[in-house]
Amino acid sequence: MAKIPEAAEKIREHYGPHPNYTPPGGWQNEARTRADKLVKTHCCFCGQQCGIQLKVRENHVIGFEPWEEFPFNRGKLCPKGVKRYLQSDHPDRLLDPLMRTEEGFVKASWEDALSFTARRLKEIQERYGKDAVAVYGGASLTTEKAYLMGKFARVALGTRHIDYNGRLCMVSAGTAYKLAFDVDRSPIPWSEIPKADVLLVVGANVGECAPITTDYIWRCRDRGGKLIVADPRMTPIARNADLFLPVRPGTDLALLNGLLHVLLRDGLQNDAFIEQHTTGFEAVRDSVAGYDPRSVAEKTGVPPEAIEKAARWFAQADRAIALHARGIEHQSKGVENVSAVINLALATGHLGREGCGTAMITGQGNGQGGREHGQKCDQLPGQRSLLDPAAREHVARVWGITPEELPQPGYSAQEIMNAIHEGEIKALFSICFNPAVSLPNAEFTREALEKLEFFAVTDFFLSETARYADVVLAGSLQEEEEGVTCNTEGRVIHIQQATEAPGNARRDSDIVCDLARRLGKGRFFPYTNPREIFEELRVASRGGHADYYGITYEKLDQQMGVFWPCPSLDHPGTPDLLKDGVSFYPDGKCRFQVAAWRESGDPVSEEFPLYLTTGRVVSQYLSGTQTRRIGGLVDIYPEPRVEIHPRLAEQHGIVDKDWVTIVSRRAEMTLRASVVKTIRPDTVFIPYHWPDKQSANLLTHRTLDPRSKIPEFKVSACRIRKSAEAGK
Ligand SMILES: Nc1nc2c(c(=O)[nH]1)N[C@H]1C(S)=C(S)[C@@H](COP(=O)(O)OP(=O)(O)OC[C@H]3O[C@@H](n4cnc5c(=O)[nH]c(N)nc54)[C@H](O)[C@@H]3O)O[C@H]1N2
Ligand SMILES: Nc1nc2c(c(=O)[nH]1)N[C@H]1C(S)=C(S)[C@@H](COP(=O)(O)OP(=O)(O)OC[C@H]3O[C@@H](n4cnc5c(=O)[nH]c(N)nc54)[C@H](O)[C@@H]3O)O[C@H]1N2
Ligand code: SF4
Ligand SMILES: [Mo]
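Residue numbers run consecutively from 1 along every chain, following the written order of its sequence. Chains and ligands are labelled by the order in which they are written, letters from A for the one and numbers from 1 for the other. Residue-level local features of this predicted model are given only where pLDDT is at least 70; pairs of side-chain atoms are given and counted only at 80 or more, and the full residue set underlies all totals for whole chains, interfaces and linings. Side-chain calculation: all heavy atoms of the structure are included, whereas hydrogens and water are not.

Asker: So, the site of ligand 2: which residues are in play, and what are the values?
Answerer: If even one non-hydrogen atom of a residue comes within 4 Å of a molecule or strand, that residue is called near it. Near ligand 2 you find 30 residues, and of these Asn165, Ser438, Asp459, Ser623 and Asn697 are the closest. Under this definition, polar contacts are N or O atom pairs within 3.5 Å; protein pairs additionally need one hydrogen-donor-capable and one acceptor-capable atom, and for neighbouring residues in sequence, both atoms have to be side-chain atoms. Taking Tyr688, its side chain carries an N or O atom lying 2.8 Å from an oxygen atom of ligand 2. Residue Asn697 places a side-chain N or O atom 2.7 Å away from a nitrogen atom belonging to ligand 2. Given that more than half its atoms are within 2 Å of the pocket grid, ligand 2 belongs to the largest cavity. Helix numbering and strand numbering both begin at the N terminus, where a helix is a DSSP run of H or I of at least 4 residues and a strand a DSSP run of E of at least 2. Only strand E17 (454-459) and strand E23 (610-615) provide two or more residues apiece to the shell around ligand 2. Considered class by class, the residues forming the shell around ligand 2 number ten nonpolar, 15 polar and five charged. Shared between two domains, the shell around ligand 2 holds at least three residues of each, these being domain 2 (98-165 + 369-391 + 399-530) and domain 4 (610-723). As defined here, a cavity is a set of points on a 1 Å grid over the protein atoms alone where a 1.4 Å probe fits but cannot get out. A pocket is an open set with protein on both sides within 12 Å along at least five of seven lines, and residues line them when an atom is within 4 Å of a point. Think of it this way: a molecule belongs to a cavity or pocket when more than half its atoms come within 2 Å of the grid points there. Here the term charged refers only to Asp, Glu, Lys and Arg, the term nonpolar to Ala, Val, Leu, Ile, Met, Phe, Trp, Tyr, Cys and Pro, and the term polar to all other amino acids, Gly among them. A domain assignment, automatic or from a database, supplies the domain bounds used here.

Asker: Could you give an account of the domain arrangement of the chain, naming the residues involved and the relevant values?
Answerer: According to the domain assignment, the chain consists of domain 1 (8-87), domain 2 (98-165 + 369-391 + 399-530), domain 3 (171-360) and domain 4 (610-723). Between the C-alpha centres of domain 1 and domain 3 there is a distance of 36 Å. Every residue pair with non-hydrogen atoms within 4.5 Å of one another is taken to be in contact. The interface is formed by eleven residues belonging to domain 1 together with ten residues belonging to domain 3. Any carboxyl oxygen of Asp or Glu that lies within 4 Å of a side-chain nitrogen of Lys or Arg is treated as forming a salt bridge with it. Put simply, domain 1 and domain 3 have one salt bridge between them. Between Asp215 and Lys76 there is a salt bridge, with its nearest N and O atoms 3.6 Å apart. Inspection of the domain 1/domain 3 interface yields two residue pairs in polar contact (both at pLDDT 80 or more). The residue inventory of the side of domain 1 that touches domain 3, partitioned by class, reads six nonpolar, two polar and three charged.

Asker: I'd like a rundown of the pairing of strand E18 (residues 471-474), residues and numbers included.
Answerer: For every residue, the accessible area obtained with a 1.4 Å probe (protein chains only) is divided by the maximum for its type, and the residue is called buried under 20%, exposed over 50%, and partly exposed between those limits. Because side chains alternate across E18, one face comprises the buried residues Val471 and Leu473, and the other comprises Val472 and Ala474, equally buried. Summarising the sheet, strand E4 (residues 98-101) and E18 pair through two bridges and their orientation is antiparallel. Residue Leu98 lies in a different strand from E18, and its bridge partner there is Val472. Pairing between strands is defined by DSSP: at least two bridges between the two strands are required. The pairing of E17 with E18 spans four bridges and is parallel. Bridge pairing in E18 links Ala456 to Val471.

Asker: Please give an account of the sheet that holds strand E19 (residues 483-486) that cites residues and values.
Answerer: Read across the sheet, three strands follow the order E19-E20-E21 without closing on themselves; strand pairing throughout is antiparallel. At either margin of the open sheet sits one strand with a lone partner, and together these are E19 and strand E21 (562-563). Bridge analysis of E19 against strand E20 (residues 491-495) gives four bridges, and the strand direction is antiparallel. Residue pairing in the sheet places Val484 in a bridge with His494 of E20.

Asker: Let's hear about empty space enclosed by the protein: which residues, and what values?
Answerer: Grid points are joined across faces, edges and corners, and a volume is the space filled by probe spheres set on the points. Within the structure shown, the criterion is met by four cavities of 30 Å³ or more. In this model, the largest cavity occupies a volume close to 650 Å³. Lining the largest cavity are 40 residues, with Ser140, Asn165, Cys432, Leu622 and Gln626 sitting closest to its centre. Of all the elements in the fold, those that place two or more residues in the lining of the largest cavity are E17 and E23. When grouped by side-chain class, the residues that make up the lining of the largest cavity number 15 nonpolar, 19 polar and six charged.

Asker: Tell me about the packing of helix H9 (residues 252-265) against helix H15 (residues 334-348), and please be specific about residues and values.
Answerer: Note on geometry: axes are lines fitted to C-alpha atoms, helical ones only across the stretch in contact, with angles between N-to-C directions running from 0 to 180 degrees. Between H9 and H15, whose axes approach to 9 Å, the crossing angle comes to 15°. With respect to each other, H9 and H15 are oriented roughly parallel. With respect to the hand of their crossing, H9 and H15 are arranged in left-handed fashion. Of the residues in H15, those touching H9 at Asp252, Leu253, Leu256, Asn257, Leu259, Leu260 and Leu263 are Glu336, Asn337, Ala340, Val341, Asn343, Leu344, Ala347 and Thr348. Class assignment for the residues of the contact of H9 with H15 results in nine nonpolar, four polar and two charged. Put simply, angles under 35 degrees are roughly parallel, angles over 145 are roughly antiparallel, angles from 65 to 115 are roughly perpendicular, and the rest are oblique. Crossing handedness: left-handed means the near helix sits turned counterclockwise from the far one by under a right angle, and right-handed means the same turn made clockwise.

Asker: Describe unusual backbone geometry, and please don't skip the residues or the numbers.
Answerer: In this chain, Trp564 is followed by Pro565 through a cis amide linkage whose omega measures -5°. Structurally, Pro565 can be placed in the loop between E21 and strand E22 (590-591). One non-glycine residue with positive phi stands out, namely Arg74, at about 45°. Turning to its location among the elements, Arg74 is positioned in the loop between strand E3 (60-66) and helix H3 (79-83).

Asker: Can you break down the site of ligand 3 residue by residue, with the values?
Answerer: Close to ligand 3 lie Cys43, Phe45, Cys46, Gln48, Gln49, Cys50, Leu77, Cys78, Lys80, Gly81, Pro211 and Ile212, which account for all nearby residues. Among the secondary structure elements, those contributing two or more residues to the shell around ligand 3 are H3 and helix H8 (211-222). Taken together, the residues of the shell around ligand 3 break down into eight nonpolar, three polar and one charged.

Asker: Which residues make up the packing of helix H6 (residues 171-181) against H15, and what are the values?
Answerer: Direction vectors running N to C along H6 and H15 enclose 45°, while the axes themselves pass 8 Å from each other. In terms of their interaxial angle, H6 and H15 are classed as oblique. Here the hand of the crossing between H6 and H15 comes out right-handed. Residues Ser172, Ala173, Thr175, Ala176, Tyr177, Leu179, Ala180 and Phe181 of H6 form the contact with H15, whose participating residues are Gly334, Val335, Val338, Ser339, Ile342 and Leu346.

Asker: Explain the packing of aromatic side chains to me, using residue names and the numbers behind them.
Answerer: Ring pairs shown here join Phe, Tyr and Trp side chains whose ring centres sit within 6.5 Å, with only the six-membered ring taken for Trp; geometry is labelled stacked below 30 degrees between planes, edge-to-face above 60, and tilted in between. Under the criterion given, the structure shown has 14 aromatic pairs. When the centroid spacing of 6.2 Å and the interplanar angle of 40° are considered together, the rings of Phe64 and Tyr85 count as tilted. Here Tyr85 lies in the loop between H3 and E4 and Phe64 lies in strand E3, a separation of 21 residues in the sequence. Phe64 gets classed as buried once you look at its relative accessible area, which sits at 13%. According to the relative accessible area criterion, Tyr85 is buried, its value standing at 5%. When the ring of Phe152 is compared with that of Phe429, the centres are 5.5 Å apart and the planes differ by 45°; the resulting orientation is tilted. Here Phe152 is found in helix H5 (residues 143-157), whereas its partner Phe429 is found in strand E16 (residues 427-431), with 277 residues between them in sequence. Each member of the pair, Phe152 as well as Phe429, carries the same accessibility label: buried. Sitting over the ring of Tyr411, Arg160 keeps its end group 5.8 Å from the ring centre. Definition used: whenever NZ (Lys) or CZ (Arg) falls within 6 Å of the ring centre and also within 35 degrees of the ring normal, the charge is taken to sit over that ring.

Structure (structure tokens):
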């Protein structure tokens, strides 16, 4: 059947035209007097996972109170955390499964929706083979659900192809940490940040994207700590930095190697640490010989004096921490970029001691937990490799199948979309992922989604991707199902159920287990609640690096979270992952990695002379399905604008709020200009939270990092011109 996204509009008849819902004024005040319980849980949005108390009355979340005892955020919240409760009763909530008909979507019974889904998946697998069906999971799901999706794909469907939206997010960092330390987690709890003397922040808009981390950074500065920030844009945190490195997009590797070059040239390395705790130093030392400050300055746009100063500050500090996020990871050399950050910490011995280390700032709410227990294409629970015979044996035993029945590794998220476009994959079961907005080269994604012979989506709102589905399964918000997540520090925390899913919507895990039953695999999915899934996960992860065996829901409540690994019930957890500089490799050593600079996948040229980079604003979250529906957040930043430096604007006769057409090698789009001095003059920036004609991903390209398979969202080539009106 033709996939006509517009047909989905008909569904609004059922739910009313409320895209930017704000409840009648005073709802919150009224709520203060009417709540009948407070539920201590966590924010559903970013990887900070702030503690929050939800106010509940008669199965509705009607407001919130700060949770001041929770140690990570001590009651503080950002604008998104404050408004999240408005999703619960949102008029756009999907209250029934939907099935596509010639006239668009119609409400369906669960019986019809699930038996049709099971039948279509079976038919397609019988006709084209098991691997013709792929599964997409998500890192906003609780860890129980993420675990369930890995098992569902491999046991209920028997397909190789499952991956998740964290492939667009944390995988470059994860791959680099695995290479260096054989474990994928931030090595330090955030309580170390204030203890550092120097903080190096690379490619992270901390103020807008990890707002609570700002508080830790300010505490460091209150103690006299120095802040160095590298970013093509002078972000809120960069404006307060002691040293700002305005790096040209995609050239971080040259900059980071340049810092290492300078500190080695000046003999500021920590020879004892290198000798005792690392391997591979000589090769890295030789590889940075050519990165002298002058040539690095030419490539990166960062003045040579600033490079010298940053290297000296970082190396000579007693204690230093390097924080990084997607600015360096969303590149076709994302893994190398992170390796270069780690190399700096290893060379200076800033690791495994108080106030020292490197840390990735996790993106999605469960960006950490969601990548530990098997929804990645190459992974089994406990951060085990699907290629490791002992791991296959262990997990197969827990799941009640033979190791031979476990599929081999499959495609990563973008590769799945490529295979759909090629016609190799015919059907997709997707939960908690909105690829129509979030994958690069949006037109390509649209073409692929239109080719699917069968497509089922599980979501609580009708996302832009769901418009292409044959069946939409009405799932649950975070507060409608108990479970755990793991925050940016590696702290596993307890998500409490506050309400039941409304109407005929169901808990995500019930939907997936019910479908497994209809696929004839019910005996492998006997769970009646998330606690039973968690109990199995504990055993499945036992002995892996991400060992959850010693974690229970009760312990999480008592200790306000437990850091993994936690191998036994009497184990307190592991906040300092690399204590004393000891890695997870059998020899305990950390591995230097050679990381040489190379050109991005979409280089600037005469025709496309500007760098386009994309990212976020504080009030919107990811593909925007959730936050674009919340009035109050929408008002802060109502539509995407393109940031342009005044000098560049002047060259094109553009003033603030003019329409500007941005042209890349794939597409063009027209947005209003935001003329700001806080961006490099050779770079433009577009936040990506909007769909269709406002989607930054119309312009981006599908080049992947060869190892992590992350798309290069941060570096594309473009040109701009002044435009008369929208859409021209
Ligand atoms: N408000 C808000 N907060 C969020 C999210 C959200 O959508 N909205 N999403 C969450 C998620 S999933 C994630 S992954 C994180 C992302 O958090 P961040 O990675 O901090 O956010 P981004 O805006 O993607 O990019 C970070 C910075 O990278 C810079 N940058 C661009 N290109 C380059 C480059 O080549 N080199 C360097 N050094 N910097 C570059 C951008 O200017 C930007 O300031 O935020 C999380 N928190
Ligand atoms: N150009 C550009 N593109 C980017 C980025 C960028 O910086 N620039 N950043 C990338 C990054 S870092 C990320 S993380 C991705 C994110 O991209 P996506 O993962 O596609 O974005 P989300 O908005 O989280 O989409 C998740 C969908 O799942 C639904 N959902 C959320 N929680 C749940 C749940 O518990 N259950 C169910 N059933 N559904 C749920 C939401 O309603 C939403 O429709 O985007 C990437 N795309
Ligand atoms: S910082 Fe992240 S977790 Fe905390 S309130 Fe904001 S969005 Fe939620
Ligand atoms: Mo992300």
